[in-house]
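Here is what each chain is made of, one letter per residue.
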Amino acid sequence: MDIKEYEFLWTTQKDIHALQKMSNGYLIINIQDNTALIIEDDDISDAVVKEMLRHNCKINF
């Protein structure tokens, strides 16, 4: 599974993306324009969220 295309979430655009805590996990959001990034593949989505958490990306509660 390759999540390289999502690297920008925890590197170059880390300051404009965050994880929104939901009752069943996290939603990836762009905090500048208030949009969500939907990743349809659950395994890839889980891996991206884990990577964002590992890189201390912002979490909204």
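Residues numbered from 1 in each chain as written. Predicted model: local features only at pLDDT ≥ 70, side-chain atom pairs only at ≥ 80, totals over all residues. Heavy atoms only, no water.

1. Structural notes on the pairing of strand E2 (residues 25-30)
Residues in a regular strand point their side chains to alternate faces of the sheet.
Then, in step 1: Strand direction decides the pairing type here: strand E1 (residues 17-22) and E2, joined by six bridges, are antiparallel. Within E2, the position partnered with Ala18 by the bridge is Ile29.
Then, in step 2: Counted between consecutive antiparallel strands, the loop separating E1 from E2 contains two residues.
Then, in step 3: Here E2 runs beside strand E3 (residues 35-37); their pairing, made up of three bridges, is antiparallel. Opposite Ile29, over in E3, you have Ala36 as the bridge partner.
Then, in step 4: As consecutive antiparallel partners, E2 and E3 are separated by four residues, and within that stretch Asn34 has a phi angle of approximately 55 degrees, a positive value. (Pairing = 2+ DSSP bridges. Helix = DSSP H or I, 4+ residues; strand = E, 2+ residues; numbered from the N terminus.)

2. With respect to the environment of Glu51
Then, in step 1: The topology assignment puts Glu51 in helix H1 (residues 42-54).
Then, in step 2: Sequence spacing of Glu51 and His17 is 34 residues, and the spatial spacing of their C-alpha atoms is 13 Å.
Then, in step 3: Those residues in contact with Glu51, other than ones at most four positions away along the chain, are Ile3 and Trp10. (Contact = heavy atoms within 4.5 Å.)

3. Structural notes on the nonpolar core
Nonpolar side chains in soluble globular proteins generally cluster together in the buried interior.
Then, in step 1: Counting residues in hydrophobic clusters, the biggest one holds 13 residues, and the most contacted among them are Tyr6, Leu9, Trp10, Ile28, Val48 and Met52.
Then, in step 2: The element contributing the most residues to this core is H1, with five residues.
Then, in step 3: Those residues in contact with Leu9, other than ones at most four positions away along the chain, are Lys14, His17, Ile28, Leu37, Val48, Met52 and Cys57. (Core = buried A, V, L, I, M, F, W, Y, C linked by side-chain atoms within 4.5 Å. Buried < 20%, exposed > 50% of the residue type's maximum accessible area, 1.4 Å probe, protein only.)

4. Focus on the side chain of Asn30
Then, in step 1: Inspection of the secondary structure puts Asn30 in strand E2.
Then, in step 2: On the basis of relative accessibility, which here comes to 13%, the residue Asn30 falls in the buried class.
Then, in step 3: Side-chain polar atoms of Asn30 contact the backbone nitrogen of Asp33, separated by 3.1 Å.
Then, in step 4: Every residue in contact with Asn30, bar those within four places of it in the chain, is listed here: Ile16, His17 and Thr35. (Polar contact = N/O pair within 3.5 Å; in protein donor to acceptor, adjacent residues only side chain to side chain.)

5. Brief notes about the packing of aromatic side chains
Then, in step 1: On inspection of all chains with the given rule, the structure shows zero aromatic pairs.
Then, in step 2: The ring of Tyr26 is capped by Lys21, whose NZ or CZ atom sits 4.9 Å from the centre of that ring. (Phe/Tyr/Trp six-rings, centres within 6.5 Å; stacked < 30°, edge-to-face > 60°. Lys NZ or Arg CZ within 6 Å of the ring centre and 35° of its normal.)

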